[in-house]
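# Residue-level structure breakdown
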Amino acid sequence: MHPPRLKGEVNPLSSPAETTAPIVDAPRDAMVAAIRTTLGAAVVDTLVKPGDDIWLRVTTESWCASIQALKDTHSFDYFCFLSAIDWMPSPYGRGEDDPSEPAPVRDTVIRPGYTGGDTRMQMLVRLVNSVTHLGINIKADVPNDSFTIDSICTVFAGANWHEREAHEMFGIGFTGHPDLRNMYLPSDFEGYPMRKDFPLLARMVKPWPGIVDVEPLPGGAAEDEKDGSSEEGAS
Amino acid sequence: MTILNDPVSAKLGSRQQLSYIASQAADARLNVELETEGMTLNIGPQHPATHGTLRIIARLDGEQVVWAEPSCGYMHRGYEKLTEVRTFPQVTSLINRIDWLGSFANEVPFILAAEKLMNVEAPPRAQWIRTILFELSRIANVSLFLGDLGVQMGAITPVFLAFRDREYVLNLIESATGGRFHPNFDRIGGLKDDLPAGWIDETKVVMKKLRNFCDEIETLLFGNEIFQSRTRGIGVIPRDVALQYGLSGANLRASGVDWDLRRDQTIPLAYDKVDFKVWTHPDGDSFARCWIRLQETREATKIVDQLLDGIPSGPVMAKVPKIIKVPEGEAWVSTENPLGEMGYYVVSRGDLGPFRVKIRSASFNNISITPWLLRGVYVPDIITILASLYFILGDIDR
């Protein structure tokens, strides 16, 4: 049982947060320029979102060397995480469809995210400079035929477990990794659960209860949201 | 020590000396014969000294650990996969269960990431209440750590104090959100509800109690000689190793890195409106990690007090559509959670649900240092080192 709610009768001290985002982000732009000079041809693409973050994509071959250079030259000494992204849209959709109806046609075109990409799998590492607290997201393509990339355990010892996780979840091989045992799954588990083509069986065998959320609300006015999609919203 | 310089044999006669040497030699031979390959000690998955179902496999040489490795996965729930079949508002009920002692703090970075992609900002009052609840979950979480610390070293009393005082904080969280452990209170664009009447005064009283609790723990535990001798100089993590393994939160600050995400990043929470100290410790040992957490709990009560004094009026929810579609893009948001840096890398495809969510949880990185850290320590220290690193199993396995 909840006590009655206050109606905002409290003393206002703070000013509302200003929403004017900076257009130019000088420290991040300077950092990207410096990285481009250090890494040279290894850089495929960069992206700076002012006031937010840096994205950098390097070539597959220079993966380990680029991260070493970022650590040594630009003092990105804090290892935040390593993971992978499977850019292939799931052939099963998100699982909210009624299985008794024929499956809708799904978009299976692989579209990469920020800084582009040519392969289905991409590595993603985040490093942070522990003094300036500037972070960087580094991506690299993982070849479609081998799903193998160099290990960065020699650069950041902390990457060891993250690479083991990426190995068992995405099936990415890491050359030079000392010990790619499974961390979470049983050692005889087949398949790579985080790949988009790995079905989530619980969602396949029965319709999702959440499907009611996208039905029109009883008595709700659906006229103010006409984006032509399957779901209709009442404002 | 060679036998010829042995002070015992020097005092004996020559005949006795010979037999002494022979017996020493026999002992030495026996020792060689008895030398084994070492013993493998299995701690957990169910063990009173592990916090949940973490299993540690340690290879021992006598009392010393030669090799140790935690075996995770007993609580792997696959949240990263599950988020892909849920809508954005539904994800919060999953991620509540990552670090179950400070649940509200798990929701905040994900919601902030979604808001960043949608270019929505919560109204100031919602930001302040978020920050207050964030700090309350830190207090609830870390106060249990402080009590639990004693249990690891054989002191039973502190944990009773911790459970008693954590209850006050949980009651506050419950009266504001409706959930003791899993509030699920944060919404994209603000909060589910405003604070109940009388909550602010009640919270101030509780914060005073929690400060007393910190004082109690400090005298009871931190001044204790046994506690000090079990933690000082044990499990030392140097600064560069801590950074390499991605340690965060109190574990990183105990190694002398002055970095707190509450202070050092611009984030739509009310931390820039309050005055607080970020504690660091140069030693990097178990004691330093525990001490930092004690200070942070105290600091958190002061943050809450300041926020309660200045909480602005206004709505707690921004205008967001009923059905939330997050525009295409990628965003990374991390916050200083009770256990350390917790962040979400959210990839959206302009759909109802996220395309990919990478959950960066603090304990996974914090515990990944254990194979390095436990090498060469004595068996009883395994427990204190793990206790001082402080992890929640759900936060490792996700």
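### Overview of the overall build of chain B
Within chain B one finds 17 helices and eight strands. Structurally, chain B occupies a C-alpha span of about 100 × 45 × 35 Å along its principal axes. Across chain B, every contact between residues at least 6 apart in sequence was considered, and the portion connecting residues at least 24 apart equals 70%.

### A word on the nonpolar core
Counting 155 residues, the largest nonpolar core has A84 and L127 of chain A together with A113, A114, L136 and V346 of chain B as the members making the most contacts within it. Residue contributions to this core peak at 14 residues, all from helix α6 (residues 124-152) of chain B. Non-local contacts of A113 of chain B, meaning those with residues more than four positions away in its chain, are made with A331, V333, Y344 and V346 of chain B.

### Regarding the pairing of strand β1 (residues 43-49) of chain A
Residue and element names in this part refer to chain A. The pairing of β1 with strand β2 (residues 53-58) spans six bridges and is antiparallel. Looking across to β2, one finds that V43 is bridged to V58. Between β1 and β2, which follow one another and run antiparallel, lie three residues, and G51 among them has a positive phi close to 75°.

### Examining the sheet that holds strand β2 (residues 55-61) of chain B
All names here are of chain B. If you trace the three strands from one edge of the open sheet to the other, you get β1-β2-β3, paired in antiparallel fashion. The open sheet has two edge strands with one neighbour each: β1 (39-43) and β3 (64-71). Strand-to-strand, the axes of this sheet are offset by a mean angle of 20°, without reference to chain direction. The pairing of β1 with β2 spans five bridges and is antiparallel.

### Considering the confidence of the model for chain A
Of the residues in chain A, 73% reach a pLDDT of 70 or more, and the chain-wide mean stands at 76. In this model, residues 1-19 of chain A is a region of pLDDT below 50 whose contacts with residues beyond four sequence positions or in other chains number 35 contacts.

### Focus: the packing of α6 of chain B against helix α8 (residues 199-222) of chain B
Residues and elements named next belong to chain B. Two elements in contact, α6 and α8, have axes separated by 11 Å at closest approach and are oriented at 20°. It follows that α6 is roughly parallel to α8 by the angle criterion. For α6 against α8, the interelement crossing comes out left-handed. On the side of α6, the interface is formed by I139, S143, L146, L149 and G150, while α8 contributes L210, F213, I217 and L221. Looking at the contact of α6 with α8 residue by residue, the class counts come to seven nonpolar, two polar and no charged.

### What to know about the packing of helix α13 (residues 286-310) of chain B against helix α16 (residues 379-389) of chain B
Residues and elements named next belong to chain B. It is the contact of α13 with α16, at a shortest axis distance of 9 Å, that shows an interaxial angle of 35°. Regarding α13 and α16, the two cross each other, and that crossing is left-handed. Packed against α13, whose contacting residues are S286, R289 and C290, the element α16 presents T384, I385, S388 and L389 at the interface. Looking at the contact of α13 with α16 residue by residue, the classes come out as three nonpolar, three polar and one charged.

### Overview of α16 of chain B
All names here are of chain B. Of all 11 residues making up α16, eight are buried, and the element is well covered by its neighbours. Among the residues making up α16, those that are buried are D381, I382, T384, I385, L386, A387, S388 and L389. Y390 lies just past α16 and shows a positive phi near 55°.

### Here we look at helix α4 (residues 88-95) of chain B
Residues and elements named next belong to chain B. The complete set of buried residues in α4 reads F88, V91, T92, L94 and I95. Angular distribution of buried residues about the axis of α4 spans 160°; they occupy a single face of the element. Of the surrounding elements, those touching the buried residues of α4 are α3 (79-83), α5 (103-118) and β4 (186-187).

### Focus on the sheet that holds strand β6 (residues 329-337) of chain B
Residue and element names in this part refer to chain B. Reading across the sheet, the three strands line up as β6-β7-β8 and stay open at both edges, with antiparallel pairing between neighbours. Strand pairing shows two members of the sheet lacking a second neighbour, β6 and β8 (356-360), which therefore form its edges. Across the sheet, the axes of successive neighbouring strands diverge by a mean angle of 10°, strand direction being ignored. Inspection of the sheet shows β6 paired to strand β7 (residues 340-348) by nine bridges, in the antiparallel sense. Counted as the bridge partner of T335 is M342 from β7. Against the sheet, α5 makes contact with β6 and β7, and its axis sits at roughly 150° relative to β6, the strand it touches most.

### A few points about the environment of P70 of chain B
Residues and elements named next belong to chain B. You can see P70 is positioned in strand β3. Exposure remark for P70: the 23 C-beta atoms within 10 Å place this residue in the buried category. For the pair P70 and R55, spaced 15 residues apart in sequence, the C-alpha separation works out to 5.6 Å. Dropping the residues within four chain positions of it, P70 is found in contact with L54, R55, I56, I367 and T370.

Parameters at a glance
Residues numbered from 1 in each chain as written. Chains lettered and ligands numbered in written order. Predicted model: local features only at pLDDT ≥ 70, side-chain atom pairs only at ≥ 80, totals over all residues. Helix = DSSP H or I, 4+ residues; strand = E, 2+ residues; numbered from the N terminus. Contact = placed C-beta atoms within 7 Å. Core = buried A, V, L, I, M, F, W, Y, C linked by C-beta atoms within 7 Å. Buried ≥ 20, exposed ≤ 12 C-beta atoms within 10 Å, placed from the backbone. Pairing = 2+ DSSP bridges. Axes fitted to C-alpha atoms, helices over the stretch in contact; angles between N-to-C directions. pLDDT = per-residue confidence, 0-100. Parallel < 35°, antiparallel > 145°, perpendicular 65-115°, else oblique. Left-handed = near helix turned anticlockwise from the far one by under 90°. Nonpolar A, V, L, I, M, F, W, Y, C, P; charged D, E, K, R; others polar. Arc of directions from axis to C-beta.

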